[in-house]
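# Coordinates in review
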Amino acid sequence: MPDSPLPLYHKVYLLLKQRLLAGGFAPDTAMPGENALAAEYGVSRLTIRRSLDALEAEGLVERRQGRGTFAAQPAPLSAPQRSTDIDALMEHLARMGMHTQVRLLELGTTPAASQVAARLEIAPGTPVQRSVRVRSHQGLPFSHLTTFVPDDIGQRIRRKDLGSKPLLAIFRDLGVRVAGAEQSISAVLAEPGVAELLDVPVGAALLSLHRLVRDESGRPVEWLHAQYRPDRYEYRMNMQAHDMPGQPTWLPAAMPVRASA
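What comes next is a walk through the structure. (Residues numbered from 1 in each chain as written. Predicted model: local features only at pLDDT ≥ 70, side-chain atom pairs only at ≥ 80, totals over all residues. Heavy atoms only, no water.)

### Here's the deal with the sheet that holds strand β7 (residues 205-215)
Let me state the cut-off plainly: Strands are treated as partners if at least two bridges between them are detected by DSSP. Here a helix means four or more residues in a row that DSSP labels H or I, a strand means two or more in a row labelled E, and each is numbered from the N terminus. A fitted line through C-alpha atoms serves as each axis, taken over the contacting stretch for helices, and the angle formed by two N-to-C directions is quoted from 0 to 180°. The contact criterion used throughout is that any non-hydrogen atoms of two residues lie within 4.5 Å.
Taken together, the six strands give an open sheet; going across it, the order is β3-β4-β5-β8-β7-β6, and neighbouring strands pair in antiparallel fashion. Both outer strands of the open sheet, β3 (101-111) and β6 (178-189), are each paired with one neighbouring strand and no more. Geometrically, the sheet is characterised by an average inter-axis angle of 15° between neighbouring strands, direction not taken into account. Pairing geometry for strand β5 (residues 140-150) and strand β8 (residues 220-228), over six bridges, is antiparallel. The residue of β8 that forms the bridge with F148 is W223. Against the sheet, helix α8 (residues 167-174) makes contact with β4 (127-137), β5, β6, β7 and β8, and its axis sits at roughly 160° relative to β8, the strand it touches most.

See the structure below:
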C-alpha cells in the first residue's frame, strides 16, 4: 500500500468505507474474513480488525456472532435534487424541510468580508446577516450550512423560522421573489469545527456547494456555503442530449424533484 501520513488502519478503513458505500459488499452475505481481507489489502489481521472496529462504530458494518461481518443496510439519503429549475429547487427544499431537522448554531449581523461582499454585490463592511445551521436526517447530521443575507432582508427573518424552514421558503413568506441561482459543487476537507458537528474525522472529504440566489430584479439575496457528508447526501442532476453547432452536448433537463426516502 502506498506511503501516506495516515495510520495504516485508517487508510484501510477509508478504502473499505468507500467500497461499502459503493455497494461492494452485499448486505445479506458475510464479508470476507479478516485473514482474506488482510491478504487482499496487504496488511496484518490486526490492522483489518482495527479498521472493522472503526466501521462498526460508524454503523457501516454489523458483526453477527458465529456468522461473520456484514455490510449494514444503508441509511436513506436525503431527497436528492434532480433539477436546476428554481421551482423544482423550492419543492426539493420544502420536501427536505419536512423530513429533516435543523439546528441553528449562530445568527447575527456582521460586516461583510470582501469575498461575501463581492458575491452579494455590496461594499465590503456592509452589514449582512450570517447564520450557521446543521441539518440532520433521522438524528444523523449530514450538512453544515453557512448563509449570508443582505441586512435589510435579514432583519425581517425570525430566529424560529430559521430553525424550521428552508431559507427559500422564508423568502417566499417575506415576499422576496426568487428568480434564479448560480451554483457550483466541489470537494473540501473537513475542518475541525465542521468535522465535529458532522461527526466525521478531521480531514474527511465533504461535498462542498456554493449557491448565489438572485431575486427577480437580479439582486443577490443569499450567498450559501453548504458542506455535506457524501455518505448521507447526494446531488443528482438529470441530463438531456442536445444537438449543438459542432457536436452534440449534454445540458441539464428540467425534471420533477422526487424524494428517495
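We are not done yet, so read on.
### So, helix α3 (residues 45-57)
Cut-off, in case you're wondering: Helix span, expected: 1.5 Å multiplied by one less than the number of residues in the helix. Partly exposed describes any residue whose relative accessible area lies between the buried limit of under 20% and the exposed limit of over 50%, with all areas from a 1.4 Å probe on protein chains only and scaled to the type maximum. By definition, the arc is the one covered by directions from the helix axis to the C-beta atoms.
Between its first and last C-alpha, α3 extends 18 Å over 13 residues, near the 18 Å set by a 1.5 Å rise per residue. Along α3, the residues classified as buried are T47, I48, S51, L52 and L55. Seen from one end, α3 has its buried residues packed into an arc of 135°, which puts them on one side. Residues L46 and A57 are exposed on α3 and point more than 90 degrees away from its buried face. Buried-residue contacts for α3 involve α1 (8-21), α2 (34-41) and β1 (61-64). Directly beyond the C-terminal end of α3, a positive phi value near 80° is found at G59.

### Looking at the side chain of T146
Topologically, T146 is positioned in strand β5. Excluding residues within four positions of it along the chain, T146 makes contact with R130, S131, V132, W223, L224 and H225.

### Some points on the environment of R50
Relative to the assigned elements, R50 resides in helix α3. Distance from R50 to V12, taken between C-alpha atoms, is 9.2 Å for residues 38 residues apart in sequence.

### Looking at the environment of A54
With respect to the helices and strands, A54 occurs in helix α3. In the structure, A54 is positioned 41 residues away from Y13 in sequence and 7.0 Å away in space, judged by C-alpha atoms.

### Overview of the packing of α1 against α2
Definition in use: Note on angle classes: values under 35 degrees are labelled roughly parallel, values over 145 roughly antiparallel, values of 65 to 115 roughly perpendicular, and the remainder oblique. In this classification, Asp, Glu, Lys and Arg are treated as charged, Ala, Val, Leu, Ile, Met, Phe, Trp, Tyr, Cys and Pro as nonpolar, and every other residue, Gly included, as polar.
For the pair α1 and α2, the least separation of the axes is 12 Å and the interaxial angle reads 105°. Of the possible angle classes, the one that applies to α1 and α2 is roughly perpendicular. Judged by residue contacts, L15, L16 and R19 of α1 engage L37, E40 and Y41 from α2. Tallied by class, the residues present in the contact of α1 with α2 amount to four nonpolar, no polar and two charged.

### Focus: the packing of aromatic side chains
Here a ring pair, both rings aromatic, is described through the centre-centre distance and the interplanar angle of the planes. Put simply, the rule is: When two rings of Phe, Tyr or Trp (its six-membered ring) have centres within 6.5 Å they constitute a pair, described as stacked for plane angles under 30 degrees, edge-to-face for angles over 60, and tilted for the intermediate range. Lysine and arginine charges are scored as sitting over a ring when NZ or CZ, respectively, is within 6 Å of the ring centre and within 35 degrees of the ring normal.
Inspection of the entire model under this criterion finds one aromatic pair. Aromatic side chains F142 and Y228 sit 6.4 Å apart centroid to centroid with 15° between the ring planes, which places their arrangement in the stacked category. On the criterion of sequence distance, the pair formed by F142 in strand β5 and Y228 in strand β8 is long-range, its members being 86 residues apart. Both residues of the pair, F142 and Y228, count as buried. The ring of F70 carries R64 above its face, with NZ or CZ at 4.0 Å from the centroid.

### Notes on α8
All of the buried residues along α8 are L167, L168, A169, I170 and F171. G175 sits one or two positions beyond α8 and adopts a positive phi of about 85°.

### Section: the packing of α2 against α3
At their nearest, the axes of α2 and α3 sit 8 Å apart, and the two run at 105° to each other. Between α2 and α3, the angle is such that the two are roughly perpendicular. Residues E34, N35, L37 and A38 of α2 form the contact with α3, whose participating residues are R45, I48, R49 and L52.

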